[in-house]
Amino acid sequence: GEPPPGVAATAPTATAVADVSAYEPLFKKKCNACHTYKSVEGKVKNYVRQNRTEYLINWMQKMPNSGITKDDASKIIDYVKGTIKASS
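Residues numbered from 1 in each chain as written. Predicted model: local features only at pLDDT ≥ 70, side-chain atom pairs only at ≥ 80, totals over all residues. Heavy atoms only, no water.

**Student:** Hey, could you run me through the confidence of the model for the chain in this one?
**Tutor:** In low-pLDDT segments, the atomic positions of the prediction should not be examined closely. Per-residue confidence for the chain gives a mean pLDDT of 84, with 77% of residues at or over 70. Looking across the chain, the model is least confident in helix H2 (residues 37–49), with a mean pLDDT of 92, and most confident in helix H3 (residues 53–61), with 96. Across residues 9–16 the pLDDT falls below 50, and counting only partners more than four positions away or on other chains, this stretch makes six contacts in the model. (pLDDT = per-residue confidence, 0-100. Helix = DSSP H or I, 4+ residues; strand = E, 2+ residues; numbered from the N terminus. Contact = heavy atoms within 4.5 Å.)

Below you can see the structure in the form of structure tokens.
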């Protein structure tokens, strides 16, 4: 079927962006609001290693005053998966 008027047939998604580094400022702004990345780096890598990135970011989104929207969470998940290596 046709999309409703005003809705693009092929709406871009966060995962459609090839260069996730564009999301770094969003990651830093939202995630550093409550803690430094360095302070949680090991924990983040553990979640990445366990393929639980979505769980972690969605949990952080639910924290009081996180200011992380669903769209932000999707982009942050893409950024984390694309840049944070579980092995290091």
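**Student:** Any chance you could explain a nonpolar patch on the surface here in plain terms?
**Tutor:** A grouping of Tyr55, Trp59 and Met63 is seen on the molecular surface, where their side chains present a nonpolar patch of about 310 Å² in accessible area. Mapped onto the elements of the fold, Tyr55 is located in helix H3. (Patch = residues over 30% accessible without salt bridge, like charges linked within 9 Å, V, L, I, M, F, W, Y side chains within 5 Å. Areas by Shrake-Rupley, 256 points an atom, 1.4 Å probe, with all protein chains shown as cover. Salt bridge = Lys/Arg side-chain N within 4 Å of Asp/Glu carboxyl O.)

**Student:** How do you make sense of the packing of H2 against H3 when you look at a structure like this?
**Tutor:** Angle between the axes and distance between the axes: these two values describe a pair of packed helices. Two elements in contact, H2 and H3, have axes whose closest approach is 7 Å; the angle formed by their N-to-C orientations is 130 degrees. Classified by the interaxial angle, the pair formed by H2 and H3 is oblique. From H2, Val44, Tyr47 and Val48 reach across to H3, where they touch Thr53, Tyr55 and Leu56. Classifying every residue of the contact of H2 with H3 by side-chain character gives five nonpolar, one polar and no charged. (Axes fitted to C-alpha atoms, helices over the stretch in contact; angles between N-to-C directions. Parallel < 35°, antiparallel > 145°, perpendicular 65-115°, else oblique. Nonpolar A, V, L, I, M, F, W, Y, C, P; charged D, E, K, R; others polar.)

**Student:** Looking at this model, I keep getting lost on the packing of H3 against helix H4 (residues 70–83). Mind explaining?
**Tutor:** At a minimum axis separation of 10 Å, H3 and H4 run at an interaxial angle of 145 degrees. For the element pair H3 and H4, the recorded crossing hand is right-handed. Judged by residue contacts, Thr53, Glu54, Ile57, Asn58 and Gln61 of H3 engage Lys70, Ala73, Ile76, Ile77, Val80 and Lys81 from H4. Looking at the contact of H3 with H4 residue by residue, the class counts come to five nonpolar, three polar and three charged. (Left-handed = near helix turned anticlockwise from the far one by under 90°.)

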